[in-house]
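Working through the structure, step by step
Letter by letter, the chains look like this.
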Amino acid sequence: MRSDGYDVVVVGGGAAGLSGALTLARAGRSVLVVDDGRPRNAPAGHVHNYLGREGIPPAELYAIGRAEVAGYGGEVADGRVTGARREHDGFVVTVDGDREVRARRLLLTTGLVDELPDLPGISAQWGRGVLHCPYCHGAEVRDRPIGILGTTPFAVHHALLWRQWSADVVLFRHTSPEPTQAEREQLAARGIPVVEQPVAGLETDGDRLTGVRLADGAVVPREAVVVSPRFTARADVLDALGLRAEEQLRDGVPFGNAVPAGPTGATAVPGVWVAGNVTDPMAQVVVAAGTGLMAAAHINGDLIEEDTRRAVDVHRHATEVHDRAWWEERYRSAPGLWSGRANDVLVTEVADLPPGRALDAGAGEGGDALWLAGRGWRVTALDLSEVALERGARAAAEQGLGDRVEWRQLDLTEETPEPGGYDLVTSSFLHPPADVREKVLRGLADAVAPGGTLLVVNHDPSELANGLPRHARPEDFASAEEVAGLLDPAEWELQVVERRPRGARGHEGDVHEVADAVVRARRLVRSGAAPGRRERR
């Protein structure tokens, strides 16, 4: 399983799942099918009504399907999906209780369980002498003695239906309701006798069904018995996502449950689709395969829309000029962009420094500047946006720190701070454009007094694998090593150069791991050296 995840994880490798996976793989999507090897039709000897594959054994059909999926780059893994949870804009799927794989979308094709009547011999003959669907198995028992085991209000309907395949049909009423006068007339007209006595079990001769044993011990010879299972969707994996199977009714009578979905297979949970018997209990194999194709096509369309949105965002970011006007508008667009708290790295790295003069580059609304001022520093807070600086100044006044912070509007790509004027220069997530990064960082380094500290914190480039933070450009990301490489080792003692993980809280309160590129350096005290200038060779 790929560590970086898949576009789609398909849960279930039957006809619906493999058909969906094939469609997605042919569309160039990365797709993983996880199958636990328990297809609903495993007891059946053959698949019928599947155009081009009539009479094929189920296992052979699925082996062919797996090979076709693999031929287009899809993957099929044996295992059982034991859980799924939403994470960011995708999902994490747990396999066999301990392996995890990520997916942008989920397609659930886990089918259903046929809950059979609790009578001796029923389960042992399921799929051979015990049947339920005339279109699946009727032709195989044509003109043979057939019994209908009545357990639901539809017993008469089933008897009349199976009469199409055989003239020798007997209805064992068992626990089904008493037929109406009109129904008895229909049965009599079609030559279908009704046995009123309850059924005790089935009789077999080895693996062959031979008859139906009644409560008084009498045996009615039959070569096939039709039952009405309860159809129960295999949908437990969706519980954690808030999606559950719902009771299904036919003429007001419950006959099973299924996961509700629209005509394309989309569920009420964004990003989750269903196909096959888990959502349509009556679907035969060929129909299940068709619903898998339908769901996969719409999943691919949904991913295309998401890919396009992301591409538009990247395109807009690449063409935007993040100048003073852009930042002014961004700050005006919301009453507050940031939390107002100091950045964690600043708190950690500066806590042991004696207060002095500090420069906060890219101060925004002043979270870092106010934290420093509250600990005795005299701070100069620089930013492009006057709106941000005004908010910071108001917050400083409210906290009684107005006389400890100077708020200055300054474009660091055009102007540089006072050389050698600060005991601490800090820059948290400033991210100057790549073409001026060296100029801006050298200007900040020059502003550090001998013996002072430079602290630079950026988003680490590894974050690009998780998608771009809003308003960020890939080329603006720089690793700690890249930043440290701009400092002359003859003038600087590198104290911290690292990628530092941290937990970030999302808009919906979820916490996910990100990483910061952290550089902390102390400027050496050297007589006669030009402040912060690196010799060019």
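So, here's what we can say about the structure. Because the structure is a prediction, the values reported are computed rather than measured.

Once that is clear, we can look at the packing of helix H7 (residues 324-332) against helix H10 (residues 386-398). Where H7 contacts H10, the two axes come as close as 7 Å, and the packing angle between them is 50°. Looking at the two axes, H7 sits oblique to H10. For the pair formed by H7 and H10, the contact residues are Arg324, Glu328, Tyr331 and Arg332 on the first element and Glu386, Val387, Ala388 and Arg391 on the second. Its residues placed into classes, the contact of H7 with H10 shows three nonpolar, no polar and five charged.

For the rest of this paragraph, the subject is the environment of Arg499. Relative to the helices and strands, Arg499 is located in strand E25 (residues 492-505). A residue is classified by how much of its surface remains accessible, and Arg499, at 44% relative accessible area, is partly exposed. Through-space distance from the C-alpha of Arg499 to that of Arg378 is 29 Å; in sequence the pair is 121 residues apart. Once you skip the residues sitting within four places of it in the chain, Arg499 turns out to touch Asp460, Ser462, Ala515 and Asp516. Side chain to side chain, Arg499 and Ser462 meet in a polar contact 3.0 Å long.

This next bit is on the pattern of salt bridges. Tallied over the full model, the rule gives 40 salt bridges. Residue Asp168 pairs with Arg222 through a salt bridge whose shortest N-O separation is 3.0 Å. Of this pair, Asp168 sits in the loop between helix H4 (155-162) and strand E10 (169-172) while Arg222 sits in the loop between strand E14 (219-221) and strand E15 (224-226), and the two are 54 residues apart along the sequence. For Arg222, a relative accessible area of 7% translates into the label buried. It is possible to trace a salt-bridge network through shared partners that takes in Asp7, Arg29, Asp89, Arg104, Arg105, Asp302, Glu306, Asp307 and Arg310.

Tracing the chain through its elements places Gln409 in strand E22 (residues 405-409). Beyond its immediate sequence surroundings of up to four residues, Gln409 is in contact with Arg324, Asp383, Leu384, Glu386 and Leu389. One polar contact links the side chain of Gln409 to the main-chain carbonyl oxygen of Leu384, over a distance of 3.0 Å.

How two helices sit against one another is set out by the angle between their axes and by the gap between those axes. Interhelical geometry of helix H1 (residues 15-26) versus helix H2 (residues 58-71) gives an angle of 20° and a closest axis separation of 9 Å. By the angle between their directions, the pair H1 and H2 is classed as roughly parallel. In the packing of H1 onto H2, the handedness of the crossing is left-handed. Only Tyr62, Gly65, Arg66, Glu68 and Val69 of H2 make contact with H1, whose side of the interface consists of Ala15, Leu18, Ala21, Leu22 and Ala25. In the contact of H1 with H2, the residues fall into seven nonpolar, one polar and two charged.

Conventions we followed
Think of each chain on its own: its residues are numbered from 1, step by step along the sequence as written. Only residues with pLDDT of at least 70 get local features here, since the model is predicted, and only at 80 or more are side-chain atom pairs given and counted; chain-wide, interface and lining totals rely on the full set of residues. Side-chain metrics rest on all non-hydrogen atoms present in the structure, leaving aside hydrogens and water. Each axis is a line fitted through C-alpha atoms, and for a helix only the stretch in contact is used; angles between axes span 0 to 180 degrees, taken between their N-to-C directions. Secondary structure counts use DSSP, requiring at least four H or I residues in a row for a helix and at least two E residues in a row for a strand, with both numbered from the N terminus. The cut-offs work like this: below 35 degrees is roughly parallel, past 145 is roughly antiparallel, 65 to 115 is roughly perpendicular, and the gaps in between are oblique. Only heavy atoms enter the contact rule, under which two residues are in contact if any of them lie within 4.5 Å. All amino acids are sorted into three groups, where Ala, Val, Leu, Ile, Met, Phe, Trp, Tyr, Cys and Pro are nonpolar, Asp, Glu, Lys and Arg are charged, and the leftover types, Gly among them, are polar. Three labels apply to residues, based on accessible area from a 1.4 Å probe with only protein chains included: buried if under 20% of the type maximum, exposed if over 50%, partly exposed otherwise in between. Counting of polar contacts relies on pairs of N or O atoms within 3.5 Å, with two restrictions inside protein: one atom must be capable of donating a hydrogen and the other of accepting it, and residues adjacent in sequence are counted only when both atoms are side-chain atoms. Each reported salt bridge corresponds to a side-chain nitrogen of Lys or Arg within 4 Å of a carboxyl oxygen of Asp or Glu. Handedness of a crossing is defined here by the sense of rotation of the near helix relative to the far one, left-handed for an anticlockwise turn of less than a right angle and right-handed for a clockwise turn.

Any functional reading would require information that these geometric values do not contain.
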